[in-house]
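Each chain, written out:
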Amino acid sequence: MKRIGILTSGGDCQALNVTMRGVAKGLYSIYGREGVEIFGFIDGYKGLMYEDYRKMTPVDFSGLLTVGGTILGSSRTPFKLIREPDENGLDKVEAMKYTYRRLRLDCLVVLGGNGSQKTANLLSEEGLNVIGLPKTIDNDLWGTDTTFGFQSAIAVATDVIDCIHTTASSHNRIFLVEIMGHKAGWLTLNAGIAGGADIILIPEIPYNIDSVIKKVEERSRSGHGFTILAVAEGAISQEVAAMDKKERKKALAKIAKEYPSGSYEIAAKITERTGKEVRVTVPGHMQRGGVPCAYDRVLSSRLGTTAALEISKGNFGNLVAIHDHKIITVPLKEVAGKLKTVDPTGDIIEEARLLGISFGDD
Ligand code: F6P
């Protein structure tokens, strides 16, 4: 009898359930329904720490293809605090190892992004059999071409920009759509291109407000009354980017004090300089919600079933990833702590520029 633990950690996304379904169906196919027991930990690593789990059955994994969120719940357990005892003095790492051993698990499957895979690697280094699966709408996980959740989030953010397009053109306004992505611009870049944004601002290409204004005015002069900006939540000006770490932290804290988010600061500057009406739309967590798109359903099913295969082969300590359309494995120790960001000189940026999109840097 194989005994497998599974958890979903960090910010949720649309295809977590589909991925778990893939793992479970794969395991049931390989070992038979009676040959495997799956333990689902509640709210991510917390469930593993505090022995909060559910014994899952095949029926739990049924009907999940179109269900967003996670049937196990998720939470953030910051890696930087993982070695610090909890409020009751509990050693979190020892507690997780204890639960794993007490349940006599053969493997722990971790569906998570950057921070979660760092903890997965730590547990692997501590001697547990761990397999990681690459989740995040941000697509910033190193070692995989794409993460599940990313394409679904692009679809949501693109829908938002599409809706903004019609109202922006009716009123001849400037609209900023603020898009998630933490420190990476993948989501903004892709939704911006798909939604036909005129200006895309991402953290990897610090912007210059003069260049942003220049593009807005060029559009006005050429008869376009409206302009749409896709702005990453982590977009940063060239001025702030040039500061040392301490100064930058101070500058960002000042913006956070004065505005609901960075997009509002950019909006205020555009109004001040052009006198035009500017509106900001922040779709926020909508981008992580709803039904997984078809691409993610396929990707998650492939990743999940491959994780089951890897378990059957006894290959642990890896992230199951996708590279060049093939499902591969990458050692967790190589993935841990690395961020995958947009290459400012990459092809997609050049292609976007050829479309006439400004990145606010010329
Ligand atoms: O990592 C996914 C993500 O949605 C980021 O894009 C965003 O910065 C962050 O999570 C929001 O976190 P929270 O859900 O904790 O507000």
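No experiment lies behind these values; they were computed from the predicted model shown.

Describe the sheet that holds strand E9 (residues 278-281), naming the residues involved and giving the relevant values.
Reading across the sheet, the four strands line up as E7-E8-E6-E9 and stay open at both edges, with parallel pairing between neighbours. On the outer flanks of this sheet lie strand E7 (199-201) and E9, each paired with one strand and no other. Neighbour-to-neighbour, the strand axes of this sheet turn through a mean angle of 20°, independent of strand direction. Bridge count between E7 and strand E8 (residues 227-232): three bridges; the pairing is parallel. Opposite Leu 201, over in E8, you have Val 231 as the bridge partner. Sheet contacts for helix H6 (residues 186-195): strand E6 (174-179), E7 and E8; angle to E7, the most-contacted strand, approximately 170°. Where helix H10 (residues 262-274) meets the sheet, its contacts fall on E6, E7, E8 and E9, and the angle it forms with E6 comes to roughly 165°.

Outline the site of the ligand, supporting the account with residue identities and numerical values.
Taken together, Arg 76, Ile 137, Asp 138, Met 180, Gly 181, His 182, Glu 233, His 285 and Arg 288 make up all the residues around the ligand. One nitrogen or oxygen atom from the side chain of Arg 76 is found 2.9 Å from an oxygen atom belonging to the ligand. Residue composition of the shell around the ligand, by class: two nonpolar, three polar and four charged. Structurally, the shell around the ligand is a two-domain feature, drawing no fewer than three residues from each of domain 1 (2-149 + 292-335) and domain 2 (154-288).

Which residues make up the pairing of strand E5 (residues 130-134), and what values do they have?
Of all five residues in E5, five are buried; the element is thus mostly enclosed. Neither face of E5 is open: one carries Val 130, Gly 132 and Pro 134, the other Ile 131 and Leu 133, and all of them are buried. The sheet contact formed by strand E4 (residues 107-112) and E5 spans five bridges and is parallel. The residue of E5 that forms the bridge with Leu 108 is Val 130. The sheet contact formed by E5 and strand E10 (residues 318-323) spans two bridges and is parallel. Residue pairing in the sheet places Ile 131 in a bridge with Asn 318 of E10.

So, the side chain of Ser 211: which residues are in play, and what are the values?
Tracing the backbone shows Ser 211 in helix H7 (residues 209-221). Not counting chain neighbours up to four residues away, the residues in contact with Ser 211 comprise Ser 358, Gly 360, Asp 361 and Asp 362.

Residue-level account of H7, with values.
Helix length check: H7 (13 residues) gives 18 Å between terminal C-alpha atoms against 18 Å at 1.5 Å per residue, within 8%. What H7 keeps buried is the set Ile 209, Ser 211, Val 212, Ile 213, Lys 215, Val 216 and Arg 219. Looking at the buried side of H7, the elements it contacts are E6, E7, E8 and H10. For H7, the side-chain oxygen to backbone nitrogen distance between the N-cap and Asp 210 is 2.9 Å, and the N-cap itself is Asn 208. Positive backbone phi, approximately 95°, marks Gly 223, located one or two places after H7.

Run through unusual backbone geometry, naming residues and quoting values.
In most cases, non-glycine residues show a negative phi, while peptide bonds are predominantly trans. For Asp 43, which is not a glycine, the phi torsion comes out positive at approximately 55°. Look at Asp 43 and you get partly exposed, because its relative accessible area is 30%. Positive phi values are uncommon outside glycine, yet His 182 reaches one of about 55°.

Talk me through the packing of H7 against H10; I want residue IDs and the actual numbers.
In the contact formed by H7 and H10, the axes pass within 11 Å of each other and the chain directions differ by 60°. With respect to H10, the axis of H7 lies oblique. Read as a crossing pair, H7 and H10 show a hand that is right-handed. On the side of H7, the interface is formed by Ile 209, Asp 210, Val 212, Ile 213 and Glu 217, while H10 contributes Ile 266, Lys 269, Ile 270, Arg 273 and Thr 274.

Any details on a positive patch on the surface? Residues and values, ideally.
Positive charge collects at one region of the surface, where Lys 80, Lys 183, Lys 245, Arg 248 and Lys 249 lie side by side. Summarising the element assignment, Lys 183 is placed in the loop between E6 and H6.

Got a sec to walk through the pairing of E9? Specific residues and values, please.
Note on strand geometry: in a regular strand, side chains alternate between the two faces of the sheet. Residues Val 278 and Val 280 line the buried face of E9, whereas the alternating positions Arg 279 and Thr 281 sit on a face that is not buried. Pairing of E6 with E9 involves four bridges; the strand directions are parallel. Bridge pairing links Phe 175 to Arg 279 in E9.

Give a description of the pattern of salt bridges that names residues and reports values.
Under the counting rule described, the total for this entry stands at 17 salt bridges. Linking Glu 94 and Lys 97 is a salt bridge whose minimum nitrogen-to-oxygen distance equals 3.1 Å. Taken together, the positions of Glu 94 and Lys 97, both in helix H3 (residues 92-102) and three residues apart, correspond to about one turn of that helix. On the accessibility criterion, Glu 94 (40% relative accessible area) is partly exposed. When the shortest N-O distance is used, the salt bridge between Glu 277 and Arg 173 registers 3.4 Å.

Calculation criteria
- Residues numbered from 1 in each chain as written.
- Predicted model: local features only at pLDDT ≥ 70, side-chain atom pairs only at ≥ 80, totals over all residues.
- Heavy atoms only, no water.
- Pairing = 2+ DSSP bridges.
- Helix = DSSP H or I, 4+ residues; strand = E, 2+ residues; numbered from the N terminus.
- Axes fitted to C-alpha atoms, helices over the stretch in contact; angles between N-to-C directions.
- Contact = heavy atoms within 4.5 Å.
- Near = heavy atom within 4 Å.
- Polar contact = N/O pair within 3.5 Å; in protein donor to acceptor, adjacent residues only side chain to side chain.
- Nonpolar A, V, L, I, M, F, W, Y, C, P; charged D, E, K, R; others polar.
- Domains from an automatic or database assignment.
- Buried < 20%, exposed > 50% of the residue type's maximum accessible area, 1.4 Å probe, protein only.
- Expected span 1.5 Å × (residues − 1).
- Parallel < 35°, antiparallel > 145°, perpendicular 65-115°, else oblique.
- Left-handed = near helix turned anticlockwise from the far one by under 90°.
- Patch = residues over 30% accessible without salt bridge, like charges linked within 9 Å, V, L, I, M, F, W, Y side chains within 5 Å.
- Areas by Shrake-Rupley, 256 points an atom, 1.4 Å probe, with all protein chains shown as cover.
- Salt bridge = Lys/Arg side-chain N within 4 Å of Asp/Glu carboxyl O.
- Lys, Arg positive; Asp, Glu negative; His and termini not counted.
- Charge placed at Lys NZ, Arg CZ, Asp CG, Glu CD.

Geometric descriptors of this kind do not, in isolation, establish any biological role.
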